[in-house]
Amino acid sequence: MPKHEVKDFVDVLYVQTMTKRFAATLGFSSRECGELAIVASELSSNILKYGPPGSIELEPISDAGGTGVQVTAHDQGPQFKNLELAVQDGWDDAGPIDPVSIFRRKGMGGGLGAVVRLTHRMTVVPAPQGKSIVAVRYLKR
Ligand SMILES: Nc1ncnc2c1ncn2[C@@H]1O[C@H](COP(=O)(O)OP(=O)(O)OP(=O)(O)O)[C@@H](O)[C@H]1O
Ligand SMILES: [Mg+2]
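Sequence order as written defines residue numbering, which begins from 1 separately in each chain. Note on labels: chains are lettered from A, ligands numbered from 1, in written order. Local features in this predicted model are restricted to residues whose pLDDT is 70 or higher, and side-chain atom pairs enter the listing and the counts only when it is 80 or higher, whereas totals over whole chains, interfaces and linings include all residues. Excluded from the side-chain calculations are hydrogens and water; all other atoms, namely the structure's heavy atoms, are used.

Draft legend 1. Representation of the sheet that holds strand β2 (residues 54-63) in the model. Two strands are said to pair when DSSP picks up at least two bridges between them. Working definition: helices are DSSP H or I runs of at least four residues, strands are E runs of at least two. Numbering for both runs from the N terminus. Pairing is antiparallel across the open sheet formed by five strands, whose spatial order is β1-β2-β3-β7-β6. In this open sheet, the two edge strands, each paired with only one partner strand, are β1 (4-6) and β6 (121-126). Each strand of the sheet is rotated relative to its neighbour by a mean of 25°, with strand direction disregarded. Sheet topology places β1 next to β2; three bridges connect them, and they run antiparallel. What sits directly across from E5, in β2, is S55. Where helix α2 (residues 30-50) meets the sheet, its contacts fall on β1, β2, β3 (66-75) and β7 (131-138), and the angle it forms with β3 comes to roughly 20°. Only C-alpha atoms enter the line fits that serve as axes; for helices the fit covers just the stretch in contact. Angles between N-to-C directions range over 0 to 180 degrees. Every residue pair with non-hydrogen atoms within 4.5 Å of one another is taken to be in contact.

Draft legend 2. Region of the structure containing the packing of α2 against helix α5 (residues 111-118). Following both chains from N to C, one finds α2 and α5 inclined at 145°, their axes separated by 9 Å at the closest point. Note on packing geometry: the crossing formed by α2 with α5 is left-handed. Residues E35, I38, V39, E42, L43 and N46 of α2 lie in contact with α5, whose contacting residues are G111, L112, V115 and L118. For the contact of α2 with α5, the class distribution of residues is six nonpolar, two polar and two charged. Should the near helix be turned anticlockwise from the far one by less than a right angle, the crossing is termed left-handed; should it be turned clockwise, right-handed. Polarity classes work like this: nonpolar for Ala, Val, Leu, Ile, Met, Phe, Trp, Tyr, Cys and Pro, charged for Asp, Glu, Lys and Arg, and polar for all others, with Gly in that last group.

Draft legend 3. Spatial organisation of the packing of aromatic side chains. Between the rings of Phe, Tyr and Trp (Trp by its six-membered ring), a pair exists once the centres lie within 6.5 Å; its type follows the angle of the planes, with under 30 degrees stacked, over 60 edge-to-face, and the other angles tilted. Enumeration according to the criterion identifies zero aromatic pairs in this entry. Ring-over charges, as used throughout, are those where CZ of Arg or NZ of Lys falls within 6 Å of the ring centre and within 35 degrees of the ring normal. Sitting above the plane of the F80 ring, K131 keeps its charged end 5.6 Å from the centroid.

Draft legend 4. Structural detail: a nonpolar patch on the surface. Each patch is assembled from residues with relative accessible area greater than 30% and no salt bridge, linking like charges that lie within 9 Å and nonpolar side chains (Val, Leu, Ile, Met, Phe, Trp, Tyr) that lie within 5 Å. The Shrake-Rupley method, run with a 1.4 Å probe sphere, supplies the accessible areas, and residue values consider only the shown protein chains as cover. Here, a salt bridge means any Lys or Arg side-chain nitrogen found within 4 Å of an Asp or Glu carboxyl oxygen. A surface patch of nonpolar side chains, about 290 Å² in accessible area, is lined by F9, V10 and L13. Counting through the fold element by element, V10 comes out in helix α1 (residues 9-25). Burial here depends on accessible area, computed with a 1.4 Å probe over protein chains only, as a share of the maximum for the residue type. Under 20% is buried, over 50% is exposed, and the range in between is partly exposed. Relative accessible area serves as the criterion here: at 52%, V10 is assigned to the exposed category.

Draft legend 5. Inspection of α5 at higher detail. A large share of α5 lies buried, amounting to six of its eight residues. Buried residues of α5: G111, L112, G113, A114, V115 and L118, and no others. The secondary structure elements touched by the buried residues of α5 are α2, α3 (83-86), β6 and β7.

Draft legend 6. Quick look at unusual backbone geometry. A cis geometry characterises the amide bond from P52 onward to P53, with omega recorded as -10°. Its place among the elements puts P53 in the loop between α2 and β2.

Here it is as structure tokens:
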């Protein structure tokens, strides 16, 4: 899929659909395609929240780990304060989220945890303006 700009919620919906379709062409099962749609959806909703406009790119990958799909989410937001904390469920990038603030902040801090669980690798590559989050899932472990 060519790079798709993410600047509105409708782009998140488009990315979900395109990810399912693209993953299917690479041989992922329908369950795996659904899981990859969650990955792309969480990364694109984070673009909207933390650094729009950004983009999602889906590419086939083939390396020492096998063959699969690479999802690259680029945004223009600030760097993660602490990525290790950010991937914990219920935490933001500085620590646990106060339960009282969850409704107001629109999110319970579960998106990146899901991305980590549903992929084999997630890395953050800082860019001059913003960063890219690169997630890879192979067809087989
Ligand atoms: N693209 C990003 N740029 C900067 N910080 C980010 C980005 N994505 C996530 N973060 C930080 O990492 C934290 C965890 O992200 P995560 O997606 O797990 O949770 P959330 O977006 O807060 O809530 P949810 O995904 O459950 O709606 C965020 O609260 C934010 O502090
Ligand atoms: Mg999120």
